[in-house]
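# Per-entry structural report
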Amino acid sequence: MSFTSEAPAAAPLRSLSFLVAPRGQLSGDGQLRELIEERRQRKGADVELWYLDTELVEELHLTQALQHSPAKEQGQARPQDPIEAIVAADAAVITWLQLRFGGCSGTLALTTGWLQKRAGALPPRAPATDTATKGAGAEKS
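Attention in this report is confined to the structure presented alongside it.

Calculation rules
Residues numbered from 1 in each chain as written. Predicted model: local features only at pLDDT ≥ 70, side-chain atom pairs only at ≥ 80, totals over all residues. Heavy atoms only, no water. Buried < 20%, exposed > 50% of the residue type's maximum accessible area, 1.4 Å probe, protein only. Helix = DSSP H or I, 4+ residues; strand = E, 2+ residues; numbered from the N terminus. Pairing = 2+ DSSP bridges. Expected span 1.5 Å × (residues − 1). Arc of directions from axis to C-beta. Axes fitted to C-alpha atoms, helices over the stretch in contact; angles between N-to-C directions. Parallel < 35°, antiparallel > 145°, perpendicular 65-115°, else oblique. Left-handed = near helix turned anticlockwise from the far one by under 90°. Contact = heavy atoms within 4.5 Å. Nonpolar A, V, L, I, M, F, W, Y, C, P; charged D, E, K, R; others polar. Core = buried A, V, L, I, M, F, W, Y, C linked by side-chain atoms within 4.5 Å. Polar contact = N/O pair within 3.5 Å; in protein donor to acceptor, adjacent residues only side chain to side chain.

### With respect to the pairing of strand β3 (residues 49-52)
- Because side chains alternate across β3, one face comprises the buried residues L49 and Y51, and the other comprises W50 and L52, equally buried.
- Where β3 lies against strand β4 (residues 83-88), 4 bridges are found, and the strand directions are antiparallel. Bridge pairing in β4 places Y51 opposite I86.

### Comments concerning helix α1 (residues 31-43)
- Under the 1.5 Å per step criterion, the end-to-end length of α1 is 18 Å for 13 residues, consistent within 8% with the ideal 18 Å.
- Looking at α1, one finds that the buried residues are L32, R33, L35 and I36. Relative to the axis of α1, the buried residues are bounded by an arc of 160° and lie together on one face. Exposed positions of α1 whose direction lies more than 90 degrees from the buried face are Q41 and R42.
- G44 occupies a position one or two residues after α1 and carries a positive phi of about 90°.

### Concerning the packing of α1 against helix α5 (residues 91-101)
- Contact pair α1 / α5: the axes reach a minimum separation of 12 Å and the direction vectors enclose 155°. Here α5 runs roughly antiparallel to α1, going by the angle between their axes. The two elements α1 and α5 cross, and the hand of that crossing is right-handed. Contacts between α1 and α5 pair Q31, L32, L35 and R39 from the former with V93, W96, L97, R100 and F101 from the latter.
- Partitioning the contact of α1 with α5 into residue classes produces 6 nonpolar, 1 polar and 2 charged.

### So, the nonpolar core
- In this structure, V20, L52, L62, V87 and L115 are the most contacted members of the largest nonpolar core, which totals 20 residues.
- Only β2 (14-22), β3, α2 (54-59), α3 (63-67), β4, β5 (104-110) and α6 (112-118) provide two or more residues apiece to this core.
- The residues contacting L52, other than those within four sequence positions of it, are V57, L60, L62, E84, A85, V87, L115 and A119.
- In terms of nonpolar packing, the next biggest core, distinct from the first, is built from 15 residues, V47, Y51, V93 and L97 among them.

### What to know about the environment of S27
- Examined against the element boundaries, S27 turns out to sit in the loop between β2 and α1.
- Between the C-alpha atoms of S27 and F101, which are 74 residues apart in sequence, the distance is 9.1 Å.
- Beyond its immediate sequence surroundings of up to four residues, S27 is in contact with Y51, E84, P123 and P124.
- Side chain to side chain, S27 and E84 meet in a polar contact 2.7 Å long.

### Comments concerning α5
- Those residues of α5 that sit buried are V93, I94, L97 and F101. With its buried residues spanning 95° around the axis, α5 presents them on a single face.
- At its buried positions, α5 is contacted by β2, α1, β3, β4 and β5.
- Its side-chain oxygen at 3.0 Å from the backbone nitrogen of A92, D90 defines the N-terminal cap of α5.
- Two residues or fewer after α5 comes G102, characterised by a positive phi angle close to 85°.

So this is what it looks like as structure tokens:
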């Protein structure tokens, strides 16, 4: 599925790959955040890999990609569920992430400048686990 966004005439549009999934499927365990951090440490801030939170996904109308996916037919995703996405210049990265996390992929035309300004933040951190409770329960057994 392909999408085009509006961009200033001076900025060239690029064809980029994206992966969408229900919120938490990509970022819930913290591994996506770790991947982006590691790539930025190795290659600098210009790594062409961006996380889109629910608001940006809605702004770019990417929820449509998930509405027509096989997962919807299996009852795994509903249109009203919050959606998150990852965008990359390299389609192979999106393919690998889709194999790892699931979701629905596609392409969109967008400027990388827009992404760097609006989607430069890291995915949310994984929720902390309560190890104190688990440890206390194990001692009583």
